[in-house]
Structure formats: structure tokens, C-alpha cells
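A structural walkthrough
What follows is each chain in one-letter form.
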Amino acid sequence: MSFDWPVYHLGVIDSTNTEAQRRARAGQIENCWLVAEAQTAGRGRLQRPWLSSSGNLFSTAFFREPGGISIAARLPFATALAVSDTAAIVVPSAPVRLKWPNDARVDQAKLSGILIETGGQGQDFWVAAGIGINVAESPEGTGQAATCIHALRGDTLVSAEDVLSVLRKTFAHRLQQARHSFAPIREDWLKVAEGLGQTVRVNVSDSSIEGIFEDMAEDGALILRLPNGERQMIRAGDVSLIGRT
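Every chain is numbered on its own, with residues counted from 1 as its sequence reads. Since the coordinates come from a predicted model, pLDDT governs what is reported: local features require at least 70, and pairs of side-chain atoms require 80 or more to be given and counted, while whole-chain, interface and lining totals use all residues. Water and hydrogen atoms were dropped before computing side-chain values, which therefore reflect all heavy atoms in the structure.

1. Observations regarding the overall build of the chain
Working definition: helices are DSSP H or I runs of at least four residues, strands are E runs of at least two. Numbering for both runs from the N terminus. Of the regular secondary structure elements, the chain holds six helices and 14 strands. Expressed along its principal axes, the backbone C-alpha trace of the chain runs to roughly 50 × 45 × 30 Å. Burial classes: relative accessible area under 20% of the type maximum marks a residue as buried, over 50% as exposed, and values in between as partly exposed (1.4 Å probe, protein chains only). Expressed as a percentage of the 245 residues in the chain, the buried residues total 53%. Pairs at least 24 apart in sequence give 64% of the contacts found in the chain among residues at least 6 apart. To be clear on the numbers: accessible area is Shrake-Rupley with a 1.4 Å probe, and residue cover counts the displayed protein chains and nothing else. Carbon together with sulfur atoms contributes 49% to the accessible area of the chain, which is approximately 11100 Å² in total. Charged-residue counts in this description rest on Lys and Arg as positive and Asp and Glu as negative, His and the chain ends being excluded. Where a charge lies is defined by one atom per residue type: Lys uses NZ, Arg uses CZ, Asp uses CG and Glu uses CD. Charged side chains of the chain number 24 positive and 27 negative; the gap between the two group centres comes to 3 Å. Only heavy atoms enter the contact rule, under which two residues are in contact if any of them lie within 4.5 Å.

Pasting the structure below:
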């Protein structure tokens, strides 16, 4: 299967994932990349706003997924790895770590936001893998520390288009892996996991749980070792290192 998908530059729009949804509703499902110059209503997980600073990358890989929801469930981790792979190429000195399930961070500062959305069924099952990467600017007012490629490199030689060129290749590689097996995705993800072996706090709904981030399960669940020695599986929640954000 070819991963040389066309790239559609959309100018200023609400969000690339929203555009993917519009295309899906119109029956225009196509393996492609949707890229915006700026977004007026970018969003991340839990409908949190994603600030669209000028010069950053706002993109969505929009495609049919023949493997359905079972493969789509692997994509938050595979996509996060594609971002860390991309960062390793464009700014190799940056120690990128992945915060469960799919935040790419450097020294606890967020570099990327990922939002996986799906729809349809059967042959029309589609995935919109929204990927925002801070290239030129670090957004302010997000409630957490952020960083960008230019700051990490110490220069402005890399553009959002350059980053996209690398990302298209790394995403294709990780998507192929995810379609074959989750095992290599899990293994590579754990190598760059933030907080592995450390005490973390997981906010789940209106409560929080603390324990040691011990492992990641075969289905991607976070395995938490509680103070009483029991292990608990976490499949949805926000993770933070104790004493950090």
C-alpha cells in the first residue's frame, strides 16, 4: 500500500480535524494530509482548545482504516511515536518523552498535541489523526509549559513544511507497524515514556489516583502500582508527575 498521500493546504480554517469530518460526511474519504496555515478553533483531547500560533504545524492525516477500531485504538501511541521520531530527526539534541497516552514533551514542556477521531463503518471506517507541532512558537496561556522546534534547535532554519515532510514519512512507518502488531509500538513507546517507574497522579473523572507508573498493558492501558501493592489499569485519564505538571 502506498503512503505517498496528497497534501491539501487549506489556508485559515476552523480545524483540520473538523475539515476531515466534513469530508467524511460528504462521502469524500480519501487517504491524504490536510494542512492549515492557521486554525481558528483547534482542539485537543477532551475538547481542550489548541492554540494555533503562526508558523507552527497544524495537520491531519485523514484515511480509511481497513482494520477498523482495533487498529485505531493503537494510533494515539503510534502517532506520538511518529512525532518523537520526527523530533529526533529535526532536533536530535532534544530529549523528547511521551506522556501517556500521546503527549510529546521535552523537559515537561509540551511540543505537540494529538487528537485521534474516527467515524464510519466497514469499508468506510475512517481516521482523522490530528497532529499539531510547535515549530516556530511556544503557545502561551495554555495552563502548561510549552516549547517549540526553533527554541530547541536555537535557530529558525526549519519550517513547518520541513517538519511535515519528515512527519509524513515517520507517520507512514508507525501506521504500518500499528496495522501489523501493537507489540513493537508498545516496546518503542516504553523506551521514551515519561514517568515510567516514578510516582504519578492520574486524574480520572472527578477523582485522582496516585501510584507508580509500572508498565503499559498489551492494549495500551497504563498500569499503576497503588500504595497498597495492587495493580490498577487506567484506560482514560490525565497523567502528571508528582510535583510537576
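After that view, the rundown keeps rolling.
2. Looking at helix α3 (residues 75-90)
Taking 1.5 Å per residue as the helical rise, α3 with its 16 residues ought to reach 22 Å, and the 22 Å between its terminal C-alpha atoms agrees with that figure. Counting buried positions along α3 yields 14 of 16 residues, so the element is predominantly enclosed. In this analysis, the expected span of each helix is defined as 1.5 Å times one less than the number of residues it contains.

3. A closer look at empty space enclosed by the protein
Cavity and pocket criteria rest on a 1 Å grid covering protein atoms alone: a 1.4 Å probe that fits but cannot get out defines a cavity, protein on both sides within 12 Å along at least 5 of 7 lines defines an open pocket, and an atom within 4 Å of a point defines a lining residue. Grid points are joined across faces, edges and corners, and a volume is the space filled by probe spheres set on the points. Counted according to the given criterion, the structure contains one cavity of 30 Å³ or more. As for the largest cavity, its lining consists of Lys99, Trp100, Glu194, Gly195, Val200, Phe213, Val239 and Leu241. Looking at the lining of the largest cavity residue by residue, the class counts come to five nonpolar, one polar and two charged. Classes in brief: Ala, Val, Leu, Ile, Met, Phe, Trp, Tyr, Cys and Pro nonpolar; Asp, Glu, Lys and Arg charged; the others, Gly included, polar.

4. Regarding the pattern of salt bridges
It is possible for side chains of opposite charge to pair when their charged atoms get near one another. When a carboxyl oxygen of Asp or Glu is within 4 Å of a side-chain nitrogen of Lys or Arg, the pair counts as a salt bridge. Applying the stated rule across the entire model yields 18 salt bridges. Here glutamate 210 and arginine 201 are joined by a salt bridge, their closest N and O atoms 2.8 Å apart. A relative accessible area of 37% means that glutamate 210 is categorised as partly exposed. For arginine 201, a relative accessible area of 27% translates into the label partly exposed. Overlapping salt bridges bring together Asp14, Glu19, Arg22 and Arg23 as one network.

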